[in-house]
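Residue strings, one per chain:
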Amino acid sequence: MSKSHTPSKKSPPSQSGSSILRFFVKMGIFCGGLVLCGILLAGMALALAWPNLPDLHAMTDYRPRVPLRVYTADNVLIGEFGEERRNVLRFDEIPDVMKSAVLAAEDDRFYEHGGIDWMGVARAGLTNLVSMSKSQGASTITMQVARNFYLSSEKTYSRKFYELLLTFKIESELTKNQILELYMNQIYLGHRAYGFAAASRTYFGKPLSEVTAAEAAMLAGIPKAPSRYNPIANYKRAEIRQHYILGRMQSLGYLTHAEYEQAMAQKIVMKPAEGTPAGGYAIHGEYVAELARQLLYGIYQDELYSRGINIYTTVLSKDQEVAYDAVRDAVLQYTRRAVYPGPEAQLDMPDGIENNPEALDEFLDAAFEKYTDSDDLLTAVVLSATPNEIKVMRSASEVISITDKKVLNVVARSLNPKAAEDKRLKRGSVVHIRKFGDGWEVINMPAVQAAFVALSPQDGAIRAMVGGFDFYRGKFNRVTQAWRQPGSNIKPFVYAASLERGLTPATQISDQPFQLTAAQTGSKPWSPKNYGNTYEPMLTMRQALYKSKNMVSIRILQAIGPQYAQEYLTRFGFDKARQPAVLPLALGAGSVTPLQLAGAYAVFANGGYRVAPYLIDRVTDSSGKVLMQSKPVVAGDEAARAIDPRTAFVMDDMLRGVATSGTAARARAMLKRSDLAGKTGTTNESVDAWFSGYTPSLVATAWMGFDQPKSLGSRETGGGVAMPIWVEYMSHALKGVPEQKQRPRPEGLIVDRGEYYFSEFPPGQAVARLGLSAPAPAETDQLGDFLNDLVGGSDKSIRVSPNVGASQQAPWTQQIPF
């Protein structure tokens, strides 16, 4: 019996085909639904987002953030404040070669696409897929404009979506030329330069209209990565990018083959323009610019840095630069005289590194980043040091040999093999060098500081101001912020007070030692000294000022009363709270700033008027419209009268004598002028050294000392360290200025035997003596008797001795009640 066969079950061909079809139909419907949902969602997003896109008014009415700029009175730029440096150009002012370089570098199809280069997107995507990295982007110039003006740099999908929408909006409302103009004025190009015009000045020191194809290509390469591709930060990387762009310019037809070859062969010269962060400024007005900024910040706050405000100061550019050099020279001269303290640091310099230039340069770069230059005072690292030669390096290719014996003598102690480890110069020592004649010198970074200010005594306009040795090592302005003891620089003001109390330049005053017991002072005994510890039996007031005698000054202050003198000093602009009403006030025990002293001496220079020092002449906006204009008080305005014109005349006459035959005689000898007046000042132990002096048209004060007060050295005086600053400045500032005669003698001033007397204190009635034995009866003067009675003397003349009087009251508590 045969078996029956049951056939296997199989779907009919028609049934299988219909299943596949149904699947694809369902998938098509699903995908279509997704696309439709996507379209609906995109439409909803577009409908919601488009109205919220920013208005393009900021583009069509483009007003970039323009920084605050500070100028001298003669229009020299000395400071710029604000993160963005830019010079805005119109489209037709931008050279074609710069436009071509930008298009070749960033967006060669800019004039063909509608804001998004879909071909570029596809090309970038394919390249990134092949390389498995995001090595190429597809941002167009329009997209970059949208990002720079309105959007943050965060990498989110929402920001990218808004960027795309804004790109379409920009393309729909602005022309291609307008978009390119905005881009070329707005893009950041490193070193705080925004826009290609500012970048051209920053890197090449020239206007954009003068750039070559090679320079344009280098600038066009910077937007890719401003911190890495700018030629100051990394020239080699910038050059590679430049060569790529030049090749693109040739392939796109912007350059002929000959032009391309010429551009490739051109050597790029880096020369940052003055007035740029990289190039610095034509003159050193850093302290001036910073003070001007501070004065205006209180008015405009943060808007000060973006409104394009211009400050025009009263400073004269040539005067300012001379003052800067004078301060630097004086500080360096003092530093050379001082004991060399050793290297600034000691680095562990690997053996043989000098044979590997690349490694050596990296080693030196790290050192110079930490230990920076100071103008012409350059940082270097010692390669080798012996008593006969020091070799230092600035780079692998710059090794300097120093063999000058005079230079080596300055650092001789540190060249001794037995010198202390921290003071010895050896391989790896960080030092500072400076051009010295035809060679170089090794000199440490100065620890001492100096300050200088000059102003017009007619209206107080500041002509020059230097607040320290190096602004970039600390912005502390010693002209306005350093409160220091003035020493003998205060004496002329005490003498002026005494003239209005009956003393005269002819008053004879004891110069014998003066002392007070602890009981008299209420604290410690006080035994002041004359400089050099030399004393004379008697001097006239005039002679005492010429010789800057301390004992005489103390006796004058005791006679007129410290409280009266304290009040009188406020007429010159001194702070009463900082001028204690005690006898040491006569020796400069109070506190002043250099600016205060200069303003005070201006009162003597201008005939007795107090004019407030001022720095800002006018302020304008970016269009030149004057926003503020100074209206200074001018000498001659009786409302500004500070002291009796006779007092001003007599003090001026005496201070001219100081500059003729007194402690300031060297100033007149060097400047060879007869219209100079001035006074030195040196505090106890030579902690502060001063010189203040003037002509009828210019007054100036110089100071030297340490920020943390300590002695400059027993032989350092105001005449030795501060006066040279003043003399160097005046020798330039007064060049070509005719000598001026002394002012006419005021009414009410009597001349007797070549000396001056106030009419109310004529000869015979003015105070004739202080601290001397009694004169013959016929010579006794009434006012002297009166003053003597007030201070408790017993010999009918003003007399100061260790035993002040029966009351044993501290003498600075006694005041003449006139």
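Description of the structure in this document. (Residues numbered from 1 in each chain as written. Predicted model: local features only at pLDDT ≥ 70, side-chain atom pairs only at ≥ 80, totals over all residues. Heavy atoms only, no water.)

**As for the nonpolar core**
- Grouped together as the largest cluster of nonpolar side chains are 132 residues, with contacts concentrated most on Phe452, Phe493, Phe572, Phe604, Met704, Trp726 and Tyr729.
- If near-sequence neighbours (up to four positions away) are discounted, phenylalanine 572 is found in contact with Phe493, Ala496, Gly599, Ala600, Val603, Phe604, Arg610 and Ile643.
- Membership of the second largest hydrophobic core comes to 47 residues, among which are Ile94, Ile170, Leu189 and Ala217. (Core = buried A, V, L, I, M, F, W, Y, C linked by side-chain atoms within 4.5 Å. Buried < 20%, exposed > 50% of the residue type's maximum accessible area, 1.4 Å probe, protein only. Contact = heavy atoms within 4.5 Å.)

**Remarks on the sheet that holds strand β16 (residues 616-620)**
- The mixed open sheet is built from 5 strands, whose spatial order is β2-β1-β5-β16-β17. Of all strands in the sheet, those bounded by a partner on one side alone are β2 (77-81) and β17 (626-629). Taken over all neighbouring pairs, the strand axes of this sheet differ in orientation by 15° on average, direction set aside.
- Note that strand β1 (residues 68-71) and β2 share 4 bridges and pair antiparallel. Each bridged residue has a counterpart across the sheet, and for arginine 69 the counterpart in β2 is glutamate 80.
- Contacts between helix α13 (residues 286-300) and the sheet are confined to β1, β2, β5 (310-313), β16 and β17, with β2 contributing the most and set at about 45° to the helix. (Pairing = 2+ DSSP bridges. Helix = DSSP H or I, 4+ residues; strand = E, 2+ residues; numbered from the N terminus. Axes fitted to C-alpha atoms, helices over the stretch in contact; angles between N-to-C directions.)

**Here we look at the pattern of salt bridges**
- Overall, the coordinates contain 38 salt bridges when judged by the stated rule.
- We note a salt bridge from glutamate 441 to arginine 434, for which the minimum N-O separation is 3.5 Å. Neither residue differs from the other here; glutamate 441 and arginine 434 are each classed as buried.
- The partner of aspartate 707 in a salt bridge is arginine 478, and the shortest N-O contact between them spans 2.8 Å. Of the two residues, aspartate 707 sits in the loop between β20 (698-705) and α27 (718-733) while arginine 478 sits in helix α18 (residues 478-481), which places them 229 residues apart along the sequence.
- With relative accessibility at 35%, the residue aspartate 707 sits in the partly exposed group.
- With relative accessibility at 5%, the residue arginine 478 sits in the buried group. (Salt bridge = Lys/Arg side-chain N within 4 Å of Asp/Glu carboxyl O.)

**So, a nonpolar patch on the surface**
- Residues Leu21, Val25 and Ile29 make up a contiguous nonpolar surface patch of roughly 300 Å² in combined accessible area.
- Take leucine 21: it is sitting in helix α1 (residues 13-49).
- According to the relative accessible area criterion, leucine 21 is exposed, its value standing at 56%. (Patch = residues over 30% accessible without salt bridge, like charges linked within 9 Å, V, L, I, M, F, W, Y side chains within 5 Å. Areas by Shrake-Rupley, 256 points an atom, 1.4 Å probe, with all protein chains shown as cover.)

**A word on the side chain of aspartate 319**
- Counting through the fold element by element, aspartate 319 comes out in helix α14 (residues 317-337).
- Engagement of the side chain of aspartate 319 in a polar contact is seen with the side chain of tyrosine 729, the distance being 3.0 Å.
- Among residues more than four places away in sequence, those in contact with aspartate 319 are Arg463, Ala464, Tyr729 and Ala733. (Polar contact = N/O pair within 3.5 Å; in protein donor to acceptor, adjacent residues only side chain to side chain.)

**Examining the pairing of β2**
- For β2, a buried count of 5 out of 5 residues is recorded, marking the element as mostly surrounded by other parts of the structure.
- Hairpin geometry of β1 and β2 is characterised by an intervening segment of 5 residues between the two adjacent antiparallel strands and by a positive phi of about 65° at asparagine 75.

**Digging into the pairing of strand β19 (residues 688-695)**
- Within β19, 8 of the 8 residues are buried, which leaves the element mostly enclosed by the surrounding structure.
- Because side chains alternate across β19, one face comprises the buried residues Asp688, Trp690, Ser692 and Tyr694, and the other comprises Ala689, Phe691, Gly693 and Thr695, equally buried.
- Note: strand β18 (residues 677-682) against β19, 6 bridges, orientation antiparallel. Bridge pairing in β19 links glycine 681 to tryptophan 690.
- The loop that links β18 with its antiparallel partner β19 comprises 5 residues; one of these, glutamate 685, has a positive phi angle of about 60°.
- Pairing geometry for β19 and β20, over 8 bridges, is antiparallel. Note on β20: the bridge partner recorded for aspartate 688 is glycine 705.

**Quick look at the environment of valine 145**
- Here valine 145 is to be found in helix α5 (residues 141-150).
- The buried category is assigned to valine 145, whose relative accessible area is 2%.
- Placed 25 residues apart in sequence, valine 145 and isoleucine 170 show a C-alpha to C-alpha distance of 8.8 Å.

**Let's talk about the packing of aromatic side chains**
- For the structure shown, the criterion picks out 19 aromatic pairs.
- Seen in terms of ring centroids, phenylalanine 493 and phenylalanine 572 are 4.8 Å apart; in terms of plane orientation they differ by 70°. Their pairing is edge-to-face. Of the two residues, phenylalanine 493 sits in helix α19 (residues 491-499) while phenylalanine 572 sits in the loop between α23 (562-569) and α24 (594-605), which places them 79 residues apart along the sequence. The same class applies to phenylalanine 493 as to phenylalanine 572, namely buried.
- Ring centres 6.2 Å apart and planes at 80° place the aromatic pair tyrosine 601 and phenylalanine 604 in the edge-to-face group. Residue tyrosine 601 and its partner phenylalanine 604 are both found in helix α24; the two are separated by 3 residues, about one turn of the helix. (Phe/Tyr/Trp six-rings, centres within 6.5 Å; stacked < 30°, edge-to-face > 60°.)

**Quick notes on a negative patch on the surface**
- On the surface, Glu358, Glu362, Asp365 and Glu369 cluster together into a patch of negative charge.
- Mapping glutamate 358 onto the fold places it in helix α15 (residues 357-370). (Lys, Arg positive; Asp, Glu negative; His and termini not counted. Charge placed at Lys NZ, Arg CZ, Asp CG, Glu CD.)

**Focus on α27**
- The first and last C-alpha atoms of α27 sit 21 Å apart over 16 residues, in line with the 22 Å expected at 1.5 Å per residue.
- Roughly 35° is the biggest bend found in α27, and it falls at proline 724. (Expected span 1.5 Å × (residues − 1). Bend = angle between axes of the 7 residues up to and from the residue.)

**Brief notes about the packing of helix α3 (residues 96-106) against helix α11 (residues 235-251)**
- In contact at an axis separation of 9 Å, α3 and α11 are set at 100° when each is read in the N-to-C sense. If you check the angle between α3 and α11, you find them roughly perpendicular. Of the residues in α11, those in contact with Val97, Ser100, Ala101, Ala104, Ala105 and Glu106 of α3 are Arg241, Ile245, Arg248 and Met249.
- Within the contact of α3 with α11, the residues separate by chemical class into 6 nonpolar, 1 polar and 3 charged. (Parallel < 35°, antiparallel > 145°, perpendicular 65-115°, else oblique. Nonpolar A, V, L, I, M, F, W, Y, C, P; charged D, E, K, R; others polar.)

**Quick look at the sheet that holds strand β15 (residues 538-540)**
- The 3 strands lie next to each other as β15-β14-β23, forming an open sheet whose pairing is mixed. The sheet terminates laterally at β15 and β23 (769-770), the two strands that pair on one side only.
- Bridge count between strand β14 (residues 508-510) and β23: 2 bridges; the pairing is parallel. Bridge pairing in β23 links isoleucine 509 to leucine 770.
- Helix-sheet contacts for helix α22 (residues 550-560) involve β14 and β23, and the interaxial angle to β14 is about 110°.

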